[in-house]
Amino acid sequence: MKLSAKASLLLTGLVLAVIAATSFFLFAYQQKAIKDLVIQQLESEANSLAVEIRAFVDENIRDMGAIAGNMPAGWNQSGDLGPVREYLARQSSHYPKFENGFFLLDREGRFLADYPPHPELHGQSFAHRDYYTRTMALERGVIGDPYVSARSGLPVLTITAPLKGPGGEIQAVLCGSLNLLSPWALGEQQQRRIGKTGYIYVMDHSRRFIIHTDTSRILKPLEKGRNLFLDKAVEGFEGPGETINSQGVPLLIASRQIPTWGWVVLTQMPIKEAMAPMHEAALAVGLFFLGALVLVLPVGFSAMRRITRPLEALEKATHVISQDLRKPEGAFTRPFASSAMDALRGMRSSDEIGQLARAFFQLSVRLKQTLSSLRNAAEDWERTFSSVQEALLVIDGQGKVLRINRVAEDLFRTVKTKAIGVSWREVLAMGKTPPEEWPSNESIQQSSRFKTAASLPDRPGRFELSFSAIQGRKGDGGHLLMVTDVTEKMQAEERIRDLAFHDALTGLPNRLLLADRLEQAVATAMRNATKAGVLFLDLDDFKQVNDTFGHETGDELLVQVAERMAGCLRSNDTLARYAGDEFVVVLMDLKSPSEAANIASRMLAALSPEFELANGKARIGASIGIAVYPEDGVTPGLLLNHADTAMYRAKSRGKNSYLFADSPAMATGEGLPKQ
């Protein structure tokens, strides 16, 4: 067989192999892409329904709480349940979704009243019902396990709300019953379809169907082993997968857990329906392959004939030279035959083919190495860019988005194809008006690094926008924008600052903040030619409370004392916890010392009523020393010392009183405690 025929067959085989391999790759890639797309749709539908069901249950629990909160006063004291039945009848018109009615159970689980009325149930015990036992155990409203109502024969859901007495104890449980298949409940979700034959259903962890397109299967369990994916989903698995249902149909399926109620949402679609477009693609590939075979074979043969002509000439010349070399002494006595030289001379591309082949081979090797290095570098960069856990956007000098990673796509609810070419402000604003606090493109371009904290529309918290300059290939400038959620960081910093200047028990300013407020009060009084007051307060008989009830009760008392005293002050005054049971009050802009006396009197009056504590009742008083700027000192330290001394004198005079630092007792030394 001639070289041209071999080359033609080889070329044809290679072309067909490339076409087949490419077609197979594209077919497999498209099949995977379609499967991934269907799985994403199934997961999205499952997640959406899980969110809707949680919202549905939360809304009904809130509604039942509102109904329970407005029960007629004294319903459980008179023994007459007539007002309760009338109230439930009115609520039935206000909340038509509880179409199966309301009923009331006492704390022992006995049936008291209902609407619509069912006298045959009165007095029966419902203590075995799961919704009653869980409500009593959790002391809050719950959703019960679905069951078939004996009255209506329909699957129902029961929502509860506890009725509590003044002491917080549960006195009764109010229940509302929903028809599970009603449009008010989950009836609409039952009809949802995915594609033509895919659908959604819900199971609980006891393997019963809560929602299903086949109404006859609702509240009926599925036998274990009939569907392996459902077995895993019931045990807690969450995500996509493939399975075969009880009818032997291969399915794509996804699950989403609702752990609060032990439910799992499942979405499924037959693989046959999902992969239907691939059958048409396979037919198109087959037709294309046959067409390529018919076209490539003759074209390849003709092309190889033209390509191999110089090689045939070279073969003839090589044969002549080889014949000449075999002649005795021919190679050393005379030149090669003229026919061989003519053949080489007549081969126009003899030298060029060899040089081009060698040059092209070398160039190809180098080019392949270069492209391979560039491709690896690009793949490494793309993986790094996509794996960063912060939202990243590459923007050009005009603020247009050039690249965006997956985290940014999720955060800003967009996709790469929509975000590229759009202003970064529009992408971050997500269709809203960008906040004025965001920087302009001009301010960003003025610095190689720009960082600011800002808010995002429809996103709670604060985010850090960090711009880092990057240089483009053509010398044009751009930036890498990183968006980081710094809400928790800022809250932690704020909490640290708050803890540094406030008392951990009462939340009042501590000594550090008190010193600052004292300096402000003195400076303000000096600037406005007014007075400032300092009240040093020590609780009377506080140690007796600690000794009697314990330190935890003492702390509870300090918190209540702080609340009462704070209510006696003006908005610009400061109440601080100085130490233990000692408090300091800073009064700003006083016109006369009498104002300080009035406030001290109000504080003593506020402390005089008995305190209700967890372990009992207590009654205490306070001794207050008052120092006034500038009469008793012109520095914060002097004012605080004089007020402290005045407080001790007030305590020595009989407690539960106040005394000015410049009072006669202070001047004479009367009533000072003995050293």
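Relevant structure appears above.
Source: prediction; values computed, not measured.

Draft legend 1. Seen up close, the sheet that holds strand β3 (residues 147–148). Reading across from one edge, β2-β1-β5-β4-β3 is the order of the five strands in this open sheet, with antiparallel pairing throughout. Every other strand in the sheet has two partners, leaving β2 (111–115) and β3 as the edge strands with one partner each. Direction of pairing for strand β4 (residues 155–164) relative to strand β5 (residues 170–179): antiparallel, over a ladder of nine bridges. Across the sheet, the residue bridging to L157 is L178, located in β5. Running over the sheet, helix α3 (residues 82–94) touches β1 (102–106), β2 and β5 and is turned about 40 degrees from β2. In the packing of helix α4 (residues 130–138) onto the sheet, the strands contacted are β1, β3, β4 and β5, and the crossing angle to β5 comes to about 140 degrees.

Draft legend 2. Here's a closer look at the pattern of salt bridges. Scanning the model with the defined rule gives 23 salt bridges in all. K651 serves as the salt-bridge partner of D538, at 2.9 Å between the closest nitrogen and oxygen. Of the two residues, D538 is situated in strand β17 (residues 531–540) and K651 in helix α21 (residues 636–652); the sequence distance between them amounts to 113 residues. Classification of D538 as buried rests on a relative accessible area of 9%. For D541, the salt bridge identified is with K655, shortest N-O distance 3.4 Å.

Draft legend 3. Region of interest: the packing of aromatic side chains. Under the counting rule described, the total for this entry stands at 13 aromatic pairs. Aromatic side chains Y95 and F98 sit 6.5 Å apart centroid to centroid with 65 degrees between the ring planes, which places their arrangement in the edge-to-face category. By relative accessible area, which is 1% here, F98 ends up buried. Their ring planes at 45 degrees and their centres at 5.7 Å tell us that Y199 and Y201 sit as a pair that is tilted. By relative accessible area, which is 18% here, Y199 ends up buried. A network of ring pairs unites the aromatic residues F103, F111, F126 and Y131 as a single cluster. The cationic tip of R129 hangs over the ring face of Y147; the distance from NZ or CZ to the ring centre is 5.1 Å. Positioned over the ring face of Y578 is R511, at 4.0 Å from the centre of the ring.

Draft legend 4. The pairing of strand β12 (residues 391–396), seen in detail. Along β12, six of the six residues are buried, which leaves the element largely enclosed by surrounding structure. The side-chain alternation of β12 yields two buried faces, one formed by A391, L393 and I395 and the other by L392, V394 and D396. Bridge count for β12 against strand β13 (residues 401–404) is three bridges, and the pairing is antiparallel. Paired with L393 across the bridge in β13 is I404. Joining the antiparallel neighbours β12 and β13 is a turn of four residues, in which G399 adopts a positive phi near 85 degrees.

Draft legend 5. Examining the sheet that holds strand β19 (residues 582–590) more closely. The sheet built from five strands is open, its strands ordered β18-β19-β17-β22-β23 with mixed pairing. Two strands close off the open sheet at either side, each with one partner strand: β18 (574–579) and β23 (657–660). Pairs of neighbouring strands in the sheet enclose a mean axial angle of 20 degrees, with direction left out of account. Sheet strands touched by α21: β17, β18, β19, β22 (621–629) and β23. Its angle to β22, the strand with the most contacts, is close to 145 degrees.

Draft legend 6. Geometry of unusual backbone geometry. In this structure, P116 follows Y115 across a cis peptide bond, with omega equal to -5 degrees. If you trace the backbone, P116 turns up in the loop between β2 and α4. A cis amide bond, omega 0 degrees, links Y629 with the succeeding residue P630. Following the sequence through the fold, P630 ends up in the loop between β22 and α21. A positive phi angle is found at K655, which is not glycine, with a value near 65 degrees. In this fold, K655 is placed in the loop between α21 and β23. Residue N656 is not a glycine yet carries a positive backbone phi of 50 degrees.

Parameters and conventions
- Residues numbered from 1 in each chain as written.
- Predicted model: local features only at pLDDT ≥ 70, side-chain atom pairs only at ≥ 80, totals over all residues.
- Heavy atoms only, no water.
- Pairing = 2+ DSSP bridges.
- Helix = DSSP H or I, 4+ residues; strand = E, 2+ residues; numbered from the N terminus.
- Contact = heavy atoms within 4.5 Å.
- Axes fitted to C-alpha atoms, helices over the stretch in contact; angles between N-to-C directions.
- Salt bridge = Lys/Arg side-chain N within 4 Å of Asp/Glu carboxyl O.
- Buried < 20%, exposed > 50% of the residue type's maximum accessible area, 1.4 Å probe, protein only.
- Phe/Tyr/Trp six-rings, centres within 6.5 Å; stacked < 30°, edge-to-face > 60°.
- Lys NZ or Arg CZ within 6 Å of the ring centre and 35° of its normal.

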